[in-house]
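Listed below, chain by chain, are the residues.
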Amino acid sequence: MSVIFILVGFSLLAALFFLGAFFWAIKNGQYEDDYTPSVRMLFDDENYEQEINPSKKVKTQSK
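Not measured: the values here are computed from a predicted model.

**Q** Help me understand the packing of aromatic side chains, please; the structure alone is not making it clear to me.
**A** Both the distance between ring centres and the angle between the ring planes are used here to describe each pair of aromatic rings. Scanning all chains against the criterion turns up three aromatic pairs. Here Phe-17 and Phe-18 contribute two aromatic rings whose centre-to-centre distance is 5.3 Å and whose plane-to-plane angle is 70°, an arrangement assigned as edge-to-face. Of the residues examined, Phe-17 reaches a relative accessible area of 55% and is grouped as exposed. For Phe-18, a relative accessible area of 56% puts it in the exposed group. Here a set of aromatic residues connected by ring pairs shows up, and it is made of Phe-22, Phe-23 and Tyr-31.

In structure tokens:
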């Protein structure tokens, strides 16, 4: 029966760890850009920067 208390305590510690990691990720901006990753694979690298941010100049490689 005492193993239940150990497992409950361990699960609460694990939940607090993941909650802290979640808040740390939010604080560091991991969830701010939810549009770009979903369309990144649809565009070429050169055109992608212009589609997302048209005011930004993109370096193009000349061959």
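Structure shown, so let's carry the discussion forward.
**Q** Any chance you could explain a nonpolar patch on the surface here in plain terms?
**A** There is a patch of nonpolar side chains on the surface, built from Met-1, Val-3, Ile-4, Phe-5, Leu-7, Val-8 and Leu-12 and spanning about 750 Å² of accessible area. For Ile-4, the location among the structural elements is in helix 1 (residues 2-27). Relative accessible area serves as the criterion here: at 43%, Ile-4 is assigned to the partly exposed category.

**Q** It is not clear to me how helix 1 should be interpreted in this structure. Could you clarify?
**A** Since the α-helix packs 3.6 residues into each turn, any two residues three or four apart lie on the same face. With 26 residues, helix 1 extends 38 Å between its outermost C-alpha atoms, agreeing within 8% with the 38 Å of an ideal straight helix rising 1.5 Å per residue. Immediately beyond the C-terminal end of helix 1, within one or two residues, lies Gly-29, with a positive phi of roughly 85°.

The rules we used
Residues numbered from 1 in each chain as written. Predicted model: local features only at pLDDT ≥ 70, side-chain atom pairs only at ≥ 80, totals over all residues. Heavy atoms only, no water. Phe/Tyr/Trp six-rings, centres within 6.5 Å; stacked < 30°, edge-to-face > 60°. Buried < 20%, exposed > 50% of the residue type's maximum accessible area, 1.4 Å probe, protein only. Patch = residues over 30% accessible without salt bridge, like charges linked within 9 Å, V, L, I, M, F, W, Y side chains within 5 Å. Areas by Shrake-Rupley, 256 points an atom, 1.4 Å probe, with all protein chains shown as cover. Salt bridge = Lys/Arg side-chain N within 4 Å of Asp/Glu carboxyl O. Helix = DSSP H or I, 4+ residues; strand = E, 2+ residues; numbered from the N terminus. Expected span 1.5 Å × (residues − 1).

So yeah, pure geometry; function would need other evidence.
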